[in-house]
Amino acid sequence: AIAANIAHYAAWYDLLPRLSCPVMLLRAKGNDAVPDEDFSRMRDTIPNCKAYEVSNPDHNVHLGDKEEFYSHFDDFLSRIGS
């Protein structure tokens with residue numbers, strides 16, 4: 001998978017400003033899957049983006065701490081519903 005990603009890598013940051021729907025950007029704090037620089041760049045590039053970090057470093061952010069995840073999810077939904 002890593003070799004395929006390297007062989008077929010395409011820059012996608014230029015696509016982010018074209019997103020027209022509300023976006024919930026979520027990552028696990030302390031997990032290296034999404035470095036700080038990438039998270040900040042995505043957050044700052046995506047229009048109508050609400051970014052959150054969950055405290056549990058589990059890669060499965062929706063399972064690590066369900067209560068925390070759903071509080072962020074509820075916040076996001078309340079913001080786009082108004």
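**Brief notes about the nonpolar core**
Phase 1: One finds Tyr-13, Leu-16, Val-23, Leu-25, Phe-39, Met-42 and Ile-46 forming the largest nonpolar core, which totals seven residues.
Phase 2: Broken down by secondary-structure element, the contributors of at least two residues to this core are β1 (23–28) and α2 (36–45).
Phase 3: Each residue touching Ile-46, except ones within four places of it in the same chain, is listed here: Leu-16, Leu-19 and Val-23.

**Here's the deal with the pairing of β1**
Phase 1: With six bridges joining them, β1 and strand β2 (residues 49–54) adopt parallel strand pairing. Residue Leu-25 lies in a different strand from β2, and its bridge partner there is Ala-51.
Phase 2: With α2 bridging β1 and the parallel β2, this β-α-β connection has right-handed handedness.

**Here's the deal with the pattern of salt bridges**
Phase 1: Taken as a whole, this structure holds four salt bridges when the rule is applied.
Phase 2: Across the pair Arg-43 and Asp-44 runs a salt bridge whose closest N-O atoms are separated by 3.1 Å.
Phase 3: For Arg-43, a relative accessible area of 35% translates into the label partly exposed.
Phase 4: Three or more residues are tied together by salt bridges with common partners; here these are Arg-27, Asp-36 and Glu-53.

Cut-offs and rules
Sequence order sets the numbering: in each chain, residues are counted from 1 along the sequence as written. Selection of residues for local features in this predicted model requires a pLDDT of at least 70, selection of side-chain atom pairs for listing and counting requires 80 or more, and totals for whole chains, interfaces and linings are taken over all residues. No hydrogens and no water enter the side-chain calculation; it runs on all heavy atoms of the structure. Each nonpolar core is a collection of buried residues, namely Ala, Val, Leu, Ile, Met, Phe, Trp, Tyr and Cys, held together in the definition by side-chain atoms within 4.5 Å. Residue burial is assigned from relative accessible area. The probe radius is 1.4 Å, only protein chains are included, and a residue is buried under 20% of its type maximum, exposed over 50%, and partly exposed in between. Secondary structure elements follow DSSP: runs of H or I of four or more residues count as helices, runs of E of two or more count as strands, with numbering from the N terminus. In what follows, a contact means two residues having at least one pair of non-hydrogen atoms within 4.5 Å. DSSP-based pairing: two strands are paired if at least 2 bridges between them are found. Crossovers are described as right-handed under a simple rule: with the strands pointing away from the observer, the path leading from the first strand over the helix to the second runs clockwise. A pair is scored as a salt bridge if a Lys or Arg side-chain nitrogen falls within 4 Å of a carboxyl oxygen belonging to Asp or Glu.

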